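# Structure at a glance
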Amino acid sequence: MTPSLPPRRTLADREDILGAMMLGPALAYVILLVGVPFAFAIALGFSNATAGSLSFEWAGLDNYVAILGDPIFLRALCNSVVVTVGSQVLVVVLATAAAQVFRATFRGKRFARFVLLLPWAVPVSLAAIAWTWIFDSTFSVINWTLKAAGLLHGWLYWLGDPALALLAIIIVQAWRIFPFATVIVLAGLSSIPQEIVEASIVDGAGFWRRLFRVELPLLLPVVAVAVLFGVVYTATDLGVVYILTGGGPANTTHVLPTLAFQRGILGADLGQGAAIAVFLLPFLIVVAIGMLRLAHRTEVGGAR
Amino acid sequence: MDLSIRDGEFLVLLGSSGSGKTTLLRMIAGLEQPTSGEIHIGDQRVDGDVPPRARGIAMVFQSYALYPHRTVFQNISFPLEVSRTPRKQIEEKVRWAAEMFSITRYLDRYPRQLSGGERQRVALCRALVRDPKVFLLDEPLANLDAKLRNTARDDLKRFQRQIQTTTVYVTHDQVEAMGLGDRIVVMERGKVRQVGTPQEVYEDPVDTFVATFVGQPPMNLLDTGDPSLPPRTLTGFRPEHFLPQSVFGSGEELRTFRFAVRRVEYLGSDRYVYGSVAVSGTPDATIIAKLPATIALAIPEGETHAFAVPRRALRYFDPETGLRR
């Protein structure tokens, strides 16, 4: 006889109840802290609510009409697209290159990988503050380096010139996302069967042809997932732009999240802020669905 | 090791896993570098700096290693694209190769839409279009089911005879090795044990390793303690030569044994008879007799029978070194 075994079903045996119990907290968290504010935001976008007053009236599409006629909003929308696309292009190139490097074996690889992952682990605000010094109008290490190397005549006002400021934002966003993308691409690379790579070597393909004709096509689903994460992170990020340029100079470098914050919180126009904030949502959903379908369609599976 | 492969020859590297046969193949291909020694293909020395693409070799991998994102046509044409062959010529060559392996109707499909046998033929096509000096095949039949393997083996041999290209073929399957090879290289732990035609390797193994590795069931080895032999000599004979004494004609010179039968295995075309013989040196050794179905004689289990081996089928080995005596 085995006296210590309980004769009846205990709670641990009841997977139906146990499952609900364990999922409960996470579900409550998502509903209360993501779902409810999200529903509020959508509702606010159709209202004329302001901070500092409890009045709430439906305004229909007024907010959307107003922002679509607003050059600052259109500029911010354009910037959002440029920053997102620009940074992700940079990320794909950097991540693919870095993954090739980390596939090789070399001394100090573990340390290098640790350093690589730092940008991803550092809080956005801290990193952005460090970058404001790198792009500083007087102390910019980039300018001084270029000057010392004799490559720069004159001076670059990184955060003072709208075009350069946008470039600076793209660089920081790419820097922030690419370690994560590298890890994903590295995992994708290691999932390519070694024999396929060797077959292409025997078939006579050199490094570049192997990369573009064999490895990248096979990596496409994985890269699509990495880019999808990157697009969502970048398009919804407030911190980098807010700290780096604050939307300046003269509102030329706003992206939608910073503009929404400025209008809705600082400017107290909750309705318009919410409208700006949720404006990108339908587009992001379309992009996400598109990329997931791409990943699914090109998921060719192994040779067997 | 010192191994030279003749032009146009079908050479099989046979060995169990870890015997170094695949490593040897990969060194010929240039996928691995030898720590010492030289490799020549034709009159060109290729070890060291000559990359795989410059060696004039083509390789078929065990998993076929087809490019999953490319159609069959694009798979076969890949090596030609790499060598910047004109489009028209690529088209012609791919069609020619595809016809040779009768896969023309699959050219627009993707590898995942093909069966194992079809994939294997695509892999062979991809190797063929390069006009290589040497074909390197790494267990290309291992992933096929048993039935398909027979026809694939036949196709492979026919194809190699037709194009007359030197072929190095790696396998651990001795049936494949015997059936395909002009010569077989038996390898063990990185060393070549014997090089010879299938017949030489089977009938005149140079040592006890080859004697027991090649042949199914393996060669029987026992110390008979025969006074006419040098002391401590292993006598070897193939199971199919070990038959009831009554089946031999009177003109044959025989070595007879008292065979204590333990178990009889009926396999349709053959019967395997397991037992032992009462000899001095190795009293417990299991001896196997392989009786063809044409011998209908009843062999009851648990009894002792008079068995015999023709003297010409006996082989002698040194038990210390394993070498032939």
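Everything here concerns the structure above.
Each chain has its residues counted from 1, following the order in which its sequence is written. Chains and ligands are labelled sequentially in the order written, the chains with letters from A and the ligands with numbers from 1. Only residues with pLDDT of at least 70 are given local features in this predicted model, and only at 80 or more are side-chain atom pairs given and counted; all residues enter the totals for whole chains, interfaces and linings.

## Considerations on the overall build of chain A
Worth spelling out the cut-off: A run of DSSP states H or I qualifies as a helix once it reaches four residues; a run of E qualifies as a strand once it reaches two. Both are numbered from the N-terminal end. In this treatment the radius of gyration is a C-alpha quantity, and the globule benchmark scales as 2.2 Å times the residue count to the 0.38 power. Counting other C-beta atoms within 10 Å of its own, a residue is labelled buried from 20 upward, exposed at 12 or fewer, and partly exposed in the gap between, with every C-beta atom placed from the backbone.
A count of helices and strands for chain A gives 13 helices and zero strands. For 304 residues, the compact-globule estimate of 2.2 N^0.38 gives 19 Å, and chain A exceeds it by more than 25% at 25 Å. Oriented by its inertia axes, the alpha-carbon framework of chain A measures out at about 75 × 70 × 35 Å. Going through the 304 residues of chain A one by one, you find that 32% of them count as buried.

## Comments concerning the overall build of chain B
Check the secondary structure of chain B and you find eight helices and 16 strands. The C-alpha extent of chain B, read off along each of the three principal axes, is 75 × 45 × 30 Å.

## Some points on the pairing of strand β12 (residues 254-266) of chain B
Residue and element names in this part refer to chain B. For clarity, the threshold we go by: Two strands form a pair only when DSSP identifies at least two bridges running between them.
Sheet analysis places β12 next to strand β15 (residues 304-310), joined by seven bridges and oriented antiparallel. If you follow A260 over to β15, its bridge partner there is T304. Across seven bridges, the pairing between β12 and strand β13 (residues 270-277) is antiparallel. Note on β13: the bridge partner recorded for A260 is S276. Connecting β12 to the antiparallel partner β13 that follows it, the hairpin turn spans three residues, and G268 within it adopts a positive phi of roughly 85°.

## What about the sheet that holds strand β9 (residues 220-223) of chain B?
All names here are of chain B. Going by this rule: Angles run from 0 to 180 degrees between N-to-C directions of axes, and those axes are lines fitted to C-alpha atoms, restricted for helices to the stretch in contact.
Pairing is antiparallel across the open sheet formed by three strands, whose spatial order is β9-β10-β16. Where the open sheet ends on each side, the last strands, each with one partner, are β9 and β16 (315-317). The sheet shows a mean angle of 30° between the axes of neighbouring strands, taken without regard to direction. Note: β9 against strand β10 (residues 234-237), four bridges, orientation antiparallel. Note on β10: the bridge partner recorded for D223 is L234.

## Focus on the environment of E118 of chain B
Residues and elements named next belong to chain B. To be explicit about the condition: Each residue is represented by a C-beta atom placed from its backbone, and any two residues with such atoms within 7 Å are regarded as in contact.
With respect to the element layout, E118 can be found in helix α4 (residues 116-128). Using a count of 18 C-beta atoms within 10 Å as the deciding quantity, one classes E118 as partly exposed. As a C-alpha pair, E118 and Q44 span 74 residues in sequence and 35 Å in three-dimensional space. Apart from the residues lying within four places of it in its own chain, the contact partners of E118 are I103 and Y106.

## Examining unusual backbone geometry
Residue and element names in this part refer to chain B. Omega for the bond connecting Q216 with P217 falls within 30 degrees of zero, at -5°, which places this linkage in the cis form. With respect to the helices, strands and loops of the structure, P217 is situated in the loop between α8 (208-213) and β9. Of note in this structure, Q164 is not a glycine but carries a positive phi near 60°. You can see Q164 is positioned in the loop between α5 (146-163) and β6 (166-171).

## Points about the interface of chain A and chain B
Rules: Three classes are used, and their members are as follows: Ala, Val, Leu, Ile, Met, Phe, Trp, Tyr, Cys and Pro are nonpolar, Asp, Glu, Lys and Arg are charged, and the others, Gly among them, are polar.
Counting residues at the interface gives 19 residues for chain A and 22 residues for chain B. Listed by contribution, the elements that provide at least two residues to the side of chain A that touches chain B are α8 (194-202) and α9 (207-235) of chain A. Broken down by class, the residue content of the side of chain A that touches chain B amounts to eleven nonpolar, three polar and five charged.

## Side note on the environment of I299 of chain B
All names here are of chain B. Along the polypeptide, I299 turns up in the loop between β14 (287-292) and β15. When the 17 C-beta atoms within 10 Å are taken as the criterion, I299 is described as partly exposed. The sequence separation of I299 and R271 amounts to 28 residues, and the corresponding C-alpha distance is 9.8 Å. Look past the residues within four positions of I299 in its chain and what remains in contact with it is V261, V264, V273 and H305.

## Structural notes on the packing of α9 of chain A against helix α13 (residues 281-297) of chain A
Packed helices, taken two at a time, are described by their axes: the angle between them and the distance between them. Residue and element names in this part refer to chain A. Note the following rule: Any angle between 65 and 115 degrees counts as roughly perpendicular, while under 35 counts as roughly parallel, over 145 as roughly antiparallel, and the rest as oblique. Crossing handedness is read from the near helix: turned anticlockwise from the far helix by less than a right angle, it gives a left-handed crossing, and turned clockwise, a right-handed one.
Relative to each other, α9 and α13 sit at 170°, their axes nearing to 8 Å. Of the possible angle classes, the one that applies to α9 and α13 is roughly antiparallel. Every pair of crossing elements has a handedness; the one defined by α9 and α13 is left-handed. Residues P221, A224, V225, V227, L228, V231, V232 and A235 of α9 form the contact with α13, whose own contacting residues are L284, V287, A288, M291, L294 and A295. Here the contact of α9 with α13 is composed, by residue class, of 14 nonpolar, no polar and no charged.

## Side note on the sheet that holds strand β11 (residues 243-244) of chain B
Read across the open sheet, the five strands follow the order β11-β15-β12-β13-β14 (chain B); overall the sheet is antiparallel. This sheet does not close on itself; its edge strands, each paired only once, are β11 and β14 of chain B.

## Structural notes on the environment of I39 of chain B
Residues and elements named next belong to chain B. Residue position: I39 is located in the loop between α1 (21-29) and β2 (40-41). Each C-alpha atom, one on I39 and one on S246, is 54 Å from the other, the two residues being 207 residues apart in sequence. If we ignore the near neighbours within four places in the chain, the residues touching I39 are M27, I28, P34, V46 and D47.

## Side note on the nonpolar core
Selection criterion: Think of a nonpolar core as buried Ala, Val, Leu, Ile, Met, Phe, Trp, Tyr and Cys residues chained together by C-beta atoms that fall within 7 Å. The source of the domain bounds is an automatic or database domain assignment.
I169, V185 and L256 of chain A together with L13 and L136 of chain B are the most contacted members of the largest nonpolar core, which has 134 residues in total. Examining the composition of this core, we find that 14 residues originate from one element, helix α7 (residues 162-190) of chain A, more than from any other. Taken together, domain 1 (10-209) and domain 2 (218-317) of chain B each give at least three residues to this core, which thus spans both. Apart from the residues lying within four places of it in its own chain, the contact partners of L256 of chain A are A76, L77, S80, I276, A277, F279 and L280 of chain A.

## Brief notes about helix α12 (residues 270-279) of chain A
Burial runs high along α12 of chain A: nine of the ten residues are buried. Among the residues of α12 of chain A, those classed as buried are L270, G271, Q272, G273, A274, A275, I276, A277 and F279 of chain A.

## Considering α5 of chain B
Counted only if it meets this: Here the expected length of a helix is defined as 1.5 Å per residue gap, with one fewer gap than residues.
An ideal rise of 1.5 Å per residue puts 26 Å on 18 residues; α5 of chain B measures up with 26 Å between its terminal C-alpha atoms. Just downstream of α5 of chain B, Q164 of chain B is the residue with a positive phi angle, here 60°.

## Focus: the pairing of β10 of chain B
Residue and element names in this part refer to chain B. Here β10 shows a buried face lined by L234 and G236 and a second buried face lined by T235 and F237. As paired elements, β10 and β16 share three bridges and run antiparallel to each other. For L234, the partnering residue across the bridge sits in β16 and is F317.

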